[in-house]
Amino acid sequence: MSEPVLAIPVPRDSKTAENLKTAFAAESRSNDRYHYFAQVAENAKDSQAFAAFKAVAEDKHKFAQGHLKEHIKGGLGDPDSGKPSMDLYQVLDTAIAVELDKGWKMYSQMAEDARNDNLPHLEEWFKTLAHQTDRHRQVFEDLIKTFRDPRPQ
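Residues numbered from 1 in each chain as written. Predicted model: local features only at pLDDT ≥ 70, side-chain atom pairs only at ≥ 80, totals over all residues. Heavy atoms only, no water.

Asks: What am I meant to see in a nonpolar patch on the surface here?
Replies: Residues Leu88, Val91, Val139, Leu143 and Phe147 make up a contiguous nonpolar surface patch of about 390 Å² in total accessible area. For the nonpolar patch, the secondary structure elements donating two or more residues are helix H3 (88-116) and helix H4 (120-145). By secondary structure assignment, the location of Phe147 is in the segment after H4. (Patch = residues over 30% accessible without salt bridge, like charges linked within 9 Å, V, L, I, M, F, W, Y side chains within 5 Å. Areas by Shrake-Rupley, 256 points an atom, 1.4 Å probe, with all protein chains shown as cover. Salt bridge = Lys/Arg side-chain N within 4 Å of Asp/Glu carboxyl O. Helix = DSSP H or I, 4+ residues; strand = E, 2+ residues; numbered from the N terminus.)

Structure below.
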């Protein structure tokens, strides 16, 4: 198995490393925002606005993917976990970590916060998401069991 080719390494403590992480997060949010706006336009039966929002959302998706790729291939790893994510074993390992930390733990805390803020509908929403992300984690754990770590022990 050949090693994946790294892009030009990005120093961890550089402003560019911070910019890649920030840009990935911003473009990912924009992608989701414009997909939602497209739904609003579709519900309003405005095909021109729908098409515009969909096209921009697709661009935002490509931008986010580019930032993610440069972050990972520049040697910085996954923007949320810092874990290397260059091969299938690594991306499964990263997905498990992210679903546990950014999924289960985050949404469980958010559900507790919503309960404390007396927002039961959001408490239930966050609990639902916590359980769904736990199912995602389990899917990735089941997949990783079928692979052997290709790296030398």
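Asks: Explain the environment of Arg137 here, please?
Replies: Here Arg137 lies in helix H4. Assessed through its relative accessible area of 14%, Arg137 is described here as buried. In the structure, Arg137 is positioned 41 residues away from Ile96 in sequence and 5.0 Å away in space, judged by C-alpha atoms. Aside from chain neighbours lying at most four places away, what touches Arg137 is Ile96, Glu99 and Leu100. (Buried < 20%, exposed > 50% of the residue type's maximum accessible area, 1.4 Å probe, protein only. Contact = heavy atoms within 4.5 Å.)

Asks: Just checking my understanding: could you explain the environment of Ala38 for this structure?
Replies: Positionally, Ala38 belongs in helix H1 (residues 15-43). The exposure class assigned to Ala38 is buried, which follows from its relative accessible area of 1%. In the structure, Ala38 is positioned 12 residues away from Phe50 in sequence and 4.6 Å away in space, judged by C-alpha atoms. In this structure, Ala38 is in contact with Phe50, Phe53 and Lys54, ignoring residues within four places of it in sequence.

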